[in-house]
Every structure is written in structure tokens, then in C-alpha cells.
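Structure at a glance
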Amino acid sequence: MTTSNDKNIATVLHLSTLTQYIIPFGNYIFPIVIWSSKKESEFIDNNGKQVLNFQLSMFTYSILLCLIAIPILAYTFFYNIPFEAVINDNDVIIENFDFDHIGGFAIVGITAIFLLIALKVIEFVLTILAAVKASNGENYKYPLSIQFFK
């Protein structure tokens, strides 16, 4: 039987990941502190593992998308600026950017950026959904989550 206190702690555990928007790495620090101090309860232990697995999975996906997008977009940007624009008065003039040579390679980078934005929106929505499920006393398993903790 899940107590009302366990439901509240599990809800706060899920919502504590939203601190990432205020405190860097708050989405790891606060859930770890809450989970480690209250994991005697099976319900809180299960929710804590789910939260950390999901946050680590989102971090992994974000890093992979950044590793795809940043080099591609940097290459595309510097490839399309003529050297005369860089040398002229030591300023990069964006007006000299040539859009004629942007091809499918740059589209991959732009797609990775859009996927990263979509991933962050999905992360926010799933966190709220998991908090609602936890407040109802239900165990929630995040989709897209790699099981780091079992």
C-alpha cells in the first residue's frame, strides 16, 4: 500500500527535475538527494530509478544530437563565407554569406537542432505526466528511457 506521503515525495521527485531550468545539473542533484534519502519505500525507489534513467537518457540523446548539429552547422557556416569577407577589416560580414551552397549536409544539422528542441519539449511534458501518475500512486515508466539503474 502506497502512503500519501510516499505519493507526495515521488511527485516532488519527478518535479525536481524541472530545476534544470534554474540550476545547472539540478535535474540530477535534487532527484539523487531525494531518492537516496527516501528509497526505503519501494514506490519511491522505483520512481527515483525511473527519474534518473530518464534524465541520463535525455542527456545522452542531447549530447548525440549536439555532436551531429554543431560540427555540421559550423562547417556549413565557415564554408559559405568567402575569405575576402573575413579578411576585410577583421570583421565577418554576414551579408557575404552565400546561401547557394547550402545542401543536404546542412539540412541534417538543422534537423538535429529541431530534434533537440522537440526532445526538450517531450522531456518537459513527460515529466509533468510522470508527476501526475506518481501523485495518483501509479508507477510510471518513461518512454525513450535507457535502463541505467535496474
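Data block above holds the structure.
With that settled, the discussion passes to the packing of aromatic side chains. Summed over the entire model, instances satisfying the criterion amount to six aromatic pairs. Plain terms: the ring middles of Tyr-21 and Phe-124 are 6.3 Å apart, the flat faces sit at 65° to each other, and that makes the pair edge-to-face. With Tyr-21 in the loop between helix H1 (4-15) and helix H2 (26-38) and Phe-124 in helix H5 (residues 104-135), the pair connects residues that are 103 residues apart, well separated along the chain. Between Phe-25 and Tyr-28 the ring centres are 6.2 Å apart and the planes differ by 35°, which places this aromatic pair in the tilted class. The residue whose ring lies beneath Lys-39 is Trp-35, and the NZ or CZ to ring-centre distance is 4.8 Å.

Helix-helix packing is characterised by the crossing angle of the two axes and by the distance between the axes. Two numbers describe how H1 lies on H2: the axes approach to 9 Å, and their chain directions differ by 155°. Here H1 is positioned roughly antiparallel relative to H2, judged by the angle of their axes. In this structure, the crossing between H1 and H2 has a hand that is left-handed. Facing H1, whose interface residues are Ile-9, Val-12 and Leu-13, H2 presents Pro-31, Ile-34, Trp-35 and Lys-38. Of the residues belonging to the contact of H1 with H2, the class tally is six nonpolar, no polar and one charged.

Moving on: the pattern of salt bridges. Scanning all chains against the criterion turns up three salt bridges. The partner of Asp-45 in a salt bridge is Lys-49, and the shortest N-O contact between them spans 3.4 Å. Of the two residues, Asp-45 and Lys-49 both sit in helix H3 (residues 42-79), four residues apart, roughly one turn of that helix. Given the relative accessible area of 19%, Asp-45 is considered buried. Between Lys-133 and Glu-138 there is a salt bridge, and its shortest N-O distance comes to 3.5 Å. Under the relative-accessibility criterion, Lys-133 is labelled partly exposed at 28%. Residue classification places Glu-138 among the partly exposed positions, given a relative accessible area of 35%.

Conventions we followed
Residues numbered from 1 in each chain as written. Predicted model: local features only at pLDDT ≥ 70, side-chain atom pairs only at ≥ 80, totals over all residues. Heavy atoms only, no water. Phe/Tyr/Trp six-rings, centres within 6.5 Å; stacked < 30°, edge-to-face > 60°. Helix = DSSP H or I, 4+ residues; strand = E, 2+ residues; numbered from the N terminus. Lys NZ or Arg CZ within 6 Å of the ring centre and 35° of its normal. Axes fitted to C-alpha atoms, helices over the stretch in contact; angles between N-to-C directions. Parallel < 35°, antiparallel > 145°, perpendicular 65-115°, else oblique. Left-handed = near helix turned anticlockwise from the far one by under 90°. Contact = heavy atoms within 4.5 Å. Nonpolar A, V, L, I, M, F, W, Y, C, P; charged D, E, K, R; others polar. Salt bridge = Lys/Arg side-chain N within 4 Å of Asp/Glu carboxyl O. Buried < 20%, exposed > 50% of the residue type's maximum accessible area, 1.4 Å probe, protein only.

Taken by themselves, the reported measurements are silent on function.
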